[in-house]
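# Structure at a glance
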Amino acid sequence: MHEATKAPKISFFDYIVIGGGTAGIPLATTLSAKYSVLLLERGGSPYGNANITSQLNFGNNFADTSPDSPSQIFTTEGVINTRARVLGGGTYINAGFYSRGEAQFNKEARLMDENLVQESYKWTERVMVFEPVVQEWPSAVRAALLEAGVTPDNGFTYDHIIGTKVSGKSRPMAYGVVFEDSLGNKHRAYLKGGKKDEIILSAGALGSPQLLMLSGIGPRKQLDALKIKVVLEQPFIGQGMADNPLNAVFIPAPVAVNPSGVQIVGITWFGSYIEEAGGFSFIFTPSPNYQGFSPQKINGPLSMGELKIENRNPADTPSVTFNYFKEPEDLRKCVKGVATILKAIESKAFSNYKFANMTVQEILDINMRLPGNDLVRSNTSLSLEQYCKDTVRTMWHYHGGCHIDKVIDHEYKVFGVDGLRVIDGSTILNSPGTNPQASVLMLGRYMGVTILGQRIACDKSR
Ligand SMILES: Cc1cc2nc3c(=O)[nH]c(=O)nc-3n(C[C@H](O)[C@H](O)[C@H](O)COP(=O)(O)OP(=O)(O)OC[C@H]3O[C@@H](n4cnc5c(N)ncnc54)[C@H](O)[C@@H]3O)c2cc1C
């Protein structure tokens, strides 16, 4: 790990990976076993930051709004959201719940080598995943979910511009990047010129589409409006942005609940995941009374929006819409999910954690008044549909913007440009697993092994 201020003015590599996050790190680590790799990360070091190294401090980063914060806050459709800005990316600011993706994800992501999928999961898990001892509150939630008819599952806790030039076939080709250090000095890094040298974007669902557009690859109207020279017109970049809506029920508890992090996720048959998060009250106003937190997110989702760049500054978060609950099916899943949480609250297994005389309507009404998004809301929950719409938050599982078959091919190569791939959450169609980081880590390793294998084979055949 080196400060960019110490980088040479000009340097040369076999691979340049942009974004040292969940996909970028396993990818760059794998490629660097045999080739020279420059991994460019805009954020600082995570080491020594107790808000990152202790799971119980999850959420403290959100309060740090400095330009150096590992968490860059943004608001869209009234929902307060965040994106990683630190070496390690989302894995370092997230809640740490680890859940492998389902077979459908591998199919959608065109990861056809099942053995390599399994090996890639194991490679990550050996170093960063462990099974927690399930604590008292999560155990009660598990029993309550079982009573409510849900299957509970223990997860495991635990100014860049791409230079493009036109090649002989008049196709643009990525060949280098310009990056700026913290003192404002510009540096240039180029590919060495080998036939298989590549620039790989792993800057996340917001960063990768943004950087493509800033590099002149994207919808012409947007590029023209910001006077960005069009290298390749690509209308699909920034399309298909989705964020799984989260709706939580904070449950006032008559007994103290030890902070447990997320240890249990209930998988329903109707496409809603119900998590427990004991002791996460600090996300909102700390109050000893609001100790149990039961968020639920829907799978998919079907509702999608778009990402647009509003200026030429890569440090700014682009404008993004997710159109939460635009598709009626998403709302139906949410309503069923909240109804299931209410059933679990009223179960025998949960009775110690709920005030006996408090009705579920009262619990919902308390939740209507809690902060968490900027949406206009009433003081009472008139229906579960309204509860879902008014209390919508994010679980930070947003994805999309560079979909397979639209922006990239089945090898994650950007259509119409040589020497350029995108490998990260921006390529995802449906959020995998109950939580996505396991699949994104696996994707980084899987693609690293694949690219490495193809290049070694090519080098040998010469
Ligand atoms: C608060 C929070 C909680 C979450 N909780 C969980 C959880 O418990 N379990 C789970 O499975 N998932 C969780 N997630 C989701 C998961 O972390 C993300 O889906 C995943 O990390 C996305 O990986 P990625 O590689 O696409 O992007 P990231 O991991 O975000 O990596 C992108 C990297 O690119 C860098 N970057 C961006 N732009 C540039 C640029 N211009 N130049 C250089 N670098 C750049 C960023 O700084 C970042 O480090 C959570 C996410 C958040 C934000």
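For clarity, every value in this text was computed on a predicted model and none was experimentally measured.

Procedures and definitions
- Residues numbered from 1 in each chain as written.
- Predicted model: local features only at pLDDT ≥ 70, side-chain atom pairs only at ≥ 80, totals over all residues.
- Heavy atoms only, no water.
- Domains from an automatic or database assignment.
- Contact = heavy atoms within 4.5 Å.
- Buried area = accessible area lost by both parts, 1.4 Å probe.
- Salt bridge = Lys/Arg side-chain N within 4 Å of Asp/Glu carboxyl O.
- Polar contact = N/O pair within 3.5 Å; in protein donor to acceptor, adjacent residues only side chain to side chain.
- Nonpolar A, V, L, I, M, F, W, Y, C, P; charged D, E, K, R; others polar.
- Axes fitted to C-alpha atoms, helices over the stretch in contact; angles between N-to-C directions.
- Helix = DSSP H or I, 4+ residues; strand = E, 2+ residues; numbered from the N terminus.
- Parallel < 35°, antiparallel > 145°, perpendicular 65-115°, else oblique.
- Left-handed = near helix turned anticlockwise from the far one by under 90°.
- Near = heavy atom within 4 Å.
- Buried < 20%, exposed > 50% of the residue type's maximum accessible area, 1.4 Å probe, protein only.

## Digging into the domain arrangement of the chain
The assigned domain composition of the chain is domain 1 (4–43 + 87–132 + 169–238 + 399–460) and domain 2 (245–305 + 320–394). Taking only C-alpha atoms into account, the centre of domain 1 sits 34 Å from that of domain 2. Domain 1 puts 13 residues into the contact, and the matching count from domain 2 is 13 residues. Of the roughly 1000 Å² buried between domain 1 and domain 2, counting both surfaces, carbon and sulfur atoms make up 58%. Counting every contact that joins domain 1 to domain 2 gives 0 salt bridges. Summed over the shared surface of domain 1 and domain 2, the number is 3 residue pairs in polar contact (both at pLDDT 80 or more). Across the side of domain 1 that touches domain 2, the residue classes break down as 5 nonpolar, 7 polar and 1 charged.

## Description of the packing of helix H1 (residues 24–31) against helix H13 (residues 437–460)
One can describe the packing of H1 onto H13 by two numbers: an axis separation of 7 Å at closest approach and a directional angle of 25°. The angle between H1 and H13 places the two elements in the roughly parallel class. Taken as a pair, H1 and H13 cross one another with a handedness that is right-handed. Residues Pro 26, Leu 27, Thr 30 and Leu 31 of H1 lie in contact with H13, whose contacting residues are Leu 441, Gly 444, Arg 445, Met 447, Gly 448, Val 449, Ile 451 and Leu 452. For the contact of H1 with H13, a count of residues per class yields 8 nonpolar, 3 polar and 1 charged.

## Re the site of the ligand
Around the ligand, the surrounding shell holds 35 residues, and the nearest of these are Thr 22, Glu 41, Gly 90, Phe 97 and Gln 437. Taking Ala 23, its main chain carries an N or O atom lying 3.1 Å from an oxygen atom of the ligand. Looking at the shell around the ligand, the elements with two or more residues in it are strand S5 (79–84), helix H4 (90–93), helix H8 (204–214) and H13. In terms of residue class, the shell around the ligand is built from 15 nonpolar, 16 polar and 4 charged.

## Observations regarding the pattern of salt bridges
Across all of its chains, the model carries 12 salt bridges by this definition. The closest approach of N and O atoms between Glu 180 and Lys 186, which form a salt bridge, is 3.1 Å. Accessibility expressed as a relative area gives 35% for Glu 180, which makes it partly exposed. For Lys 308, the salt bridge goes to Glu 306, with nearest N and O atoms at 3.8 Å.

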